[in-house]
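Listed below are the residues making up each chain.
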Amino acid sequence: KQEVTQIPAALSVPEGENLVLNCSFTDSAIYNLQWFRQDPGKGLTSLLLIQSSQREQTSGRLNASLDKSSGRSTLYIAASQPGDSATYLCAVLPSGNTPLVFGKGTRLSVIA
Amino acid sequence: EPEVTQTPSHQVTQMGQEVILRCVPISNHLYFYWYRQILGQKVEFLVSFYNNEISEKSEIFDDQFSVERPDGSNFTLKIRSTKLEDSAMYFCASSHKGAWYGYTFGSGTRLTVV
């Protein structure tokens with residue numbers, strides 16, 4: 001059974017710092033991996049989707065990498081801003097068209 | 001940018017009552033999903049729906065739950081007799097070509113059962 005783990009559970013950084021959020025998954029047989037942002041009490045906003053054949057995806061200050069063989073993904077946020085404060089969720093789509101499996105998230109606070 | 005719309009944003013109901021959560025997926029999407037997130041826990045899958053029938057469901061999705069696409073635009077989740085443990089944030093999601101192309105999630109309905 002696929003398990004997704006995100007470390008750390010919470011992170012607090014000063015504004016302007018570059019940071020990395022980690023996601024690991026137990027079964028490398030995946031179609032894709034998706035990073036989401038969740039603001040308190042709100043929905044899930046898709047940030048980046050990496051297909052299993054890809055190594056990374058970039059959007060603005062965000063860069064996500066995928067190492068399928070080792071079961072790892074990282075989300076790199078450059079020049080962090082207070083507006084980046086949110087919970088970041090990693091989710092994998094296992095092969096076989098089973099549903100998305102989510103991690104518990106990393107709660108990020110960027111301090112001005 | 002197209003959105004998945006969910007209503008209501010917050011619903012409070014008494015234990016044992018029926019609730020219907022509503023979703024309007026993106027108009028050209030063909031695959032529809034419900035997920036839920038109990039406070040402080042992971043987002044977990046409930047059900048997927050394609051071609052007017054359930055394609056997959058989780059252990060959580062028991063006989064108390066049902067889904068429907070009544071009019072070609074709305075996608076609803078019904079809980080027949082709510083329990084305290086049904087209190088959660090319920091998310092609707094849709095996809096154009098299937099989950100392998102990514103999901104678009106709605107902003108969620110917070111269900112509180114008292």
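Cut-offs applied
- Residues numbered from 1 in each chain as written.
- Chains lettered and ligands numbered in written order.
- Predicted model: local features only at pLDDT ≥ 70, side-chain atom pairs only at ≥ 80, totals over all residues.
- Heavy atoms only, no water.
- Pairing = 2+ DSSP bridges.
- Helix = DSSP H or I, 4+ residues; strand = E, 2+ residues; numbered from the N terminus.
- Axes fitted to C-alpha atoms, helices over the stretch in contact; angles between N-to-C directions.
- Buried < 20%, exposed > 50% of the residue type's maximum accessible area, 1.4 Å probe, protein only.
- Disulfide = S-S within 2.5 Å.

## Some points on the sheet that holds strand 3 (residues 19-25) of chain A
Strands pair in a sheet through their backbones, by hydrogen bonds, and they do so in one of two ways: parallel or antiparallel. Residues and elements named next belong to chain A. Taking strand neighbours across the sheet as the criterion, the 5 strands line up as 1-3-8-7-6 in an open arrangement whose pairing is antiparallel. Unpaired on one side and paired on the other, strand 1 (4-7) and strand 6 (56-59) mark the two borders of the sheet. Strand-to-strand twist in this sheet, taken as the mean axis angle between neighbours without regard to direction, amounts to 15°. Strand direction decides the pairing type here: strand 3 and strand 8 (residues 72-77), joined by 6 bridges, are antiparallel. Within strand 8, the position partnered with V20 by the bridge is Y76.

## Concerning unusual backbone geometry
Across the junction of I7 of chain A and P8 of chain A, the peptide omega takes the value 0°, indicating a cis bond. Positionally, P8 of chain A belongs in the loop between strand 1 and strand 2 (10-14). The backbone of N51 of chain B sits at a positive phi, close to 55°, despite the residue not being glycine. For N51 of chain B, the position within the fold is in the loop between strand 5 (43-50) and strand 6 (53-57). According to the relative accessible area criterion, N51 of chain B is exposed, its value standing at 59%. At N52 of chain B, a position not held by glycine, the phi torsion is positive, near 65°. For N52 of chain B, the location among the structural elements is in the loop between strand 5 and strand 6.

## A short note on the state of the cysteines
Throughout the structure, instances matching the rule amount to 2 disulfides over all chains. Between C23 of chain A and C90 of chain A runs a disulfide, and the two sulfur atoms are separated by 2.0 Å. One disulfide, between C23 of chain A and C90 of chain A, carries an S-S torsion of -60° and so falls in the left-handed class. Within this pair, whereas C23 of chain A is found in strand 3, its partner C90 of chain A is found in strand 9 (residues 86-94), the two being separated by 67 residues in sequence. Each sulfur of the disulfide joining C23 of chain B and C92 of chain B lies 2.0 Å from the other. Judged by the torsion about the S-S bond (-65°), the C23 of chain B/C92 of chain B disulfide is left-handed. Here C92 of chain B lies in strand 9 (residues 88-95) and C23 of chain B lies in strand 3 (residues 19-24), a separation of 69 residues in the sequence.

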